[in-house]
Amino acid sequence: MTILLLLYAGAIPLVPLIGAEIFKRRKDVRRRNVCYVLFAMQLLLSISYIVDYISG
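This section reports on the structure supplied with the text.

What counts, and where the lines are drawn
Residues numbered from 1 in each chain as written. Predicted model: local features only at pLDDT ≥ 70, side-chain atom pairs only at ≥ 80, totals over all residues. Heavy atoms only, no water. Salt bridge = Lys/Arg side-chain N within 4 Å of Asp/Glu carboxyl O. Helix = DSSP H or I, 4+ residues; strand = E, 2+ residues; numbered from the N terminus. Buried < 20%, exposed > 50% of the residue type's maximum accessible area, 1.4 Å probe, protein only. Patch = residues over 30% accessible without salt bridge, like charges linked within 9 Å, V, L, I, M, F, W, Y side chains within 5 Å. Areas by Shrake-Rupley, 256 points an atom, 1.4 Å probe, with all protein chains shown as cover.

**Some remarks on the pattern of salt bridges**
Inspection of the entire model under this criterion finds two salt bridges. With a shortest N-O distance of 3.9 Å, Glu21 and Arg25 are connected by a salt bridge. Highlighted residues: Glu21 and Arg25, both in helix α2 (residues 14-25), separated by four residues, approximately one helical turn. Exposure remark for Glu21: the relative accessible area of 37% places this residue in the partly exposed category. We classify Arg25 as exposed; its relative accessible area is 62%. Across the salt bridge formed by Arg31 and Asp28, the nearest N and O atoms sit 3.6 Å from each other. On the basis of relative accessibility, which here comes to 48%, the residue Arg31 falls in the partly exposed class. Taking the relative accessible area as the measure of exposure, Asp28 reaches 23% and is therefore partly exposed.

**Considerations on unusual backbone geometry**
The backbone of Lys27 sits at a positive phi, close to 60 degrees, despite the residue not being glycine. You can see Lys27 is positioned in the loop between α2 and α3 (29-55).

**As for a nonpolar patch on the surface**
Residues Met1, Ile3, Leu4, Leu6, Leu7, Tyr49, Tyr53 and Ile54 make up a contiguous nonpolar surface patch of about 920 Å² in total accessible area. Mapped onto the nonpolar patch, the elements with two or more residues apiece are α1 (2-11) and α3. By residue number, the principal contributor to the nonpolar patch is α1, which donates four residues. Within the element layout of this structure, Leu7 appears in helix α1. When its relative accessible area of 58% is taken as the criterion, Leu7 is described as exposed.

Structure representation (structure tokens):
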């Protein structure tokens with residue numbers, strides 16, 4: 001069960017990176033930057049959830 005959680009929590013932050021790549025091809029800088037911010041926020045959330053799950 002822990003392995004599935006790690007895979008799922010690790011895959012979630014990849015979604016905004018896919019969006020950033022799409023907007024990079026479209027040359028839409030503002031939306032690409034928003035995707036990078038969303039990626040950073042989601043990465044922090046995923047890491048904190050994983051740490052909380054493993055430690056507790």
